[in-house]
Amino acid sequence: MLRVDKIKVHYEGIPALHEVTLEVNQGELVAMVGANGAGKSTALKAIVGAVSPVSGNILFNGKDITREETAKIVRLGVVYVPESRRIFGPLTVEENLLLGAFTADSEEEVRGHLNHVYRLFPRLKERFRQKGETLSGGEQQMLAIGRGLMIRPKLLMLDEPSLGLMPKLVTELFKTISLLKEEGYTILLVEQNVREALEIADRGYILQTGRTIHSGKGAELLESDIVKKAFLGL
Amino acid sequence: MELAVQLIVYGILMGLVFSLIALGLSLIFGVMNIVNFAHGEFMMVGMYIAYLLSTFLPLDPLLSLPFAAGAGYLLGVVSYRLLIHHILRGPMVAQLFGTFGLMLFLRYLAMYIFTPDVRSVKQGILVGKTLSMGWINVDASKVFSAGVCVLAFAAVYWMIYRTKLGRALRATSIDSEAAKYMGIDTKGMNALAWGIGGATVALAGALLAHFYYVTPTVGMLFTLIAFATVALGGFGSIVGAFIAGVLIGLIMVVSGQFVSELKFSFIYIVYFLVVVFRPRGLFGW
Ligand SMILES: Nc1ncnc2c1ncn2[C@@H]1O[C@H](COP(=O)(O)OP(=O)(O)O)[C@@H](O)[C@H]1O
Ligand SMILES: [Mg+2]
């Protein structure tokens, strides 16, 4: 479904990604893990067209989207739920969700998706009239994911959704992500919670200073020396 | 007493025109943090359209309103696409000079085409007519203009707060990167803000031309009034622009009654006080 082939990204001449290669197949939950500053967000932003690779290419369902505009990539179904949520604080919960449905065609369709998101996150339904900025951190993350689901993603990319959440909520969040996978969503998950992410993932990639240095089945990676040493402190 | 009522009525009527003039400036700032120094020149274009259609064609200046709005919309969108879009990534100073240059360009283009002569709209069903409302008399053109300005303002307000497009516009103004991730064409939203800004201010210009002289340099004063209005209302605030416009109109008309030479100075005293004591304006953030 998604093929990222040897992309290189610079920020004003300074390299952030040297060579990132990864693949996500239909229905998979793929985790990309790595330390702070490794380039995880940059890789996702390159996929969604928010930054432009200087070389390499990105294919989505066979179509080259390497230097396509973000709005067009999103319309193809590639959805990026950004780091630190980026919800629209002054807008209500429902307005935030409806923005996710900006690309939808009919009212009915929008209602259907809204109900789906409310079933998944009943808290959002309770608070649908509240301003986004008044929600707690956990609720804001639900809103960010819910808003992403409203776009009807073919590929859902989550950028450190657990960042800043209390441990109890982190557990809940990973349950939700597993649930989404069971519902059939294809997910590319970026995390610093390496263990939890690899436990629920089908496959994983390890990113280090702008390179995908290792990949494998989630469970295998958890057992590998490189992960144990670098991330799990074993 | 009669004088007082008369002044207040005129102040409010003028103020409602100022509100519509300030709307676009505030909207454009709200969506992309850029200050349009050419705002008054967009208005000037609307004034000349009213002047031209009523002087050289047998048309009532009222019929020029949709043409002025349409031309203002195009002017806004074209300015964005050809100029603003390219300078947005530049430093703040480059942005300031960019719209400043646009102001000079439009002003001297008007100078070239129309000469510096002062012109006015002389014919039209509202021109020079007065309405008697009880014991006060008001210019029919001012009452009508204020009414149209309120309607136009309400229409834009409705569009911004009640439609899907308006929601996307607000999202872009809050966080344009996140808006992009929603699949919103944020450049299109910027262009739309410029289009609405151009259309509303040019419409105000065509209305103003019914009772205000037309020259190539008329824009500057109104740009400055719009700045004061937006600062008072709060940069980026739509409701603020509306209320501040009325306040500025009242201040100008009432103070002008006493020291007519200083009526614009009073606006700046208010502007100064706002900047010093409440920099975010009445309704900002
Ligand atoms: N907007 C930016 N401008 C310049 N450098 C950036 C920008 N965003 C990220 N970087 C740099 O690129 C590298 C990768 O960052 P990022 O992709 O955010 O890493 P991660 O998400 O893995 O923490 C870091 O060295 C970071 O400092
Ligand atoms: Mg990151």
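Nothing here was measured: the structure is a model prediction, and the numbers come from that model. Counting of residues starts from 1 at the beginning of each chain's written sequence and follows it residue by residue. Following the order in which they are written, the chains are lettered starting with A and the ligands numbered starting with 1. Note on the predicted model: pLDDT of at least 70 is required for a residue's local features to be given, and 80 or more for side-chain atom pairs to be given and counted; whole-chain, interface and lining totals, by contrast, use all residues. Hydrogen atoms and water are omitted, and side-chain values are computed over all heavy atoms in the structure.

*Asks:* Can you walk me through the overall build of chain B in this structure?
*Replies:* When you go through chain B residue by residue, the secondary structure sums to 11 helices and two strands. In this setup the radius of gyration rests on C-alpha atoms only. A globule is expected at 2.2 Å times the number of residues raised to 0.38. Its C-alpha atoms give chain B a radius of gyration of 18 Å, near enough to 19 Å, the size a compact globule of 285 residues would have. When burial is assessed residue by residue, chain B has 55% of its 285 residues classed as buried. The Shrake-Rupley method, run with a 1.4 Å probe sphere, supplies the accessible areas, and residue values consider only the shown protein chains as cover. Counting every atom, chain B has about 12300 Å² of accessible surface; 72% of that belongs to carbon and sulfur. None of His or the chain ends enter the tally, which takes Lys and Arg as positive and Asp and Glu as negative. One atom stands in for each charge, and that atom is NZ of Lys, CZ of Arg, CG of Asp or CD of Glu. For chain B, the separation between the mean place of its 16 positive charges and that of its 9 negative charges on side chains is 8 Å. Going along the chain from the N terminus, every DSSP run of H or I of four or more residues is numbered as a helix, and every run of E of two or more is numbered as a strand. When accessible area is computed with a 1.4 Å probe and restricted to protein chains, residues below 20% of their type maximum are described as buried, those above 50% as exposed, and intermediate ones as partly exposed.

*Asks:* Looking at this model, I keep getting lost on the coordination of the magnesium ion (ligand 2). Mind explaining?
*Replies:* Coordination angles at a metal have ideal targets, namely 109.5 degrees for four tetrahedral donors and 90 or 180 degrees for six octahedral donors. Here the term donor refers to an N, O or S atom within 2.8 Å of the metal (or 3.2 Å for Na, K and Ca), and because water is left out of the atoms, sites may appear incomplete. Of the protein atoms, only A:Ser41 (OG) and A:Glu83 (OE) coordinate the magnesium ion (ligand 2), at distances of 2.0 Å. Of this pair, A:Ser41 sits in helix 1 (residues 40-47) while A:Glu83 sits in the loop between strand 6 (78-81) and helix 3 (93-100); the two residues are 42 residues apart in sequence, bridging distant segments of the chain.

*Asks:* Is there a simple way to think about the packing of helix 5 (residues 140-162) of chain B against helix 8 (residues 186-208) of chain B in this case?
*Replies:* For any two helices packed against each other, one specifies the inter-axial angle together with the distance between the axes. Residue and element names in this part refer to chain B. Helix 8 packs onto helix 5 with a crossing angle of 170° between their chain directions and a minimal axis gap of 10 Å. By the criterion of interaxial angle, the relationship of helix 5 to helix 8 is roughly antiparallel. Across from Phe144, Ser145, Val148, Cys149, Ala152, Val156 and Met159 in helix 5, the residues of helix 8 making contact are Leu192, Ile196, Thr200, Leu203 and Leu207. Its residues assigned to classes, the contact of helix 5 with helix 8 shows 10 nonpolar, two polar and no charged. Throughout, an axis means a line fitted to C-alpha atoms (over the contacting stretch in the case of helices), and angles, computed between N-to-C directions, take values from 0 to 180 degrees. Note that the term roughly parallel is reserved for angles under 35 degrees, roughly antiparallel for angles over 145, roughly perpendicular for angles of 65 to 115, and oblique for everything else. Any two residues having at least one pair of non-hydrogen atoms within 4.5 Å are treated as being in contact. Classification used: nonpolar for Ala, Val, Leu, Ile, Met, Phe, Trp, Tyr, Cys and Pro, charged for Asp, Glu, Lys and Arg, polar for all others including Gly.

*Asks:* Got a minute to help me understand the pattern of salt bridges in this structure?
*Replies:* Proximity of charged atoms lets side chains of opposite charge pair with each other. Within this document, salt bridges are pairs made up of a side-chain nitrogen of Lys or Arg and a carboxyl oxygen of Asp or Glu, the two lying within 4 Å of each other. Tallied over the full model, the rule gives 16 salt bridges over all chains. Salt-bridge contacts for A:Arg86 lead to B:Glu177; the nearest nitrogen and oxygen are separated by 3.2 Å. With A:Arg86 in the loop between strand 6 and helix 3 and B:Glu177 in helix 7 (residues 176-181), this residue pair bridges two chains. Within the structure, one salt-bridge network assembled from shared partners comprises A:Lys45, A:Arg86, B:Asp175 and B:Glu177.

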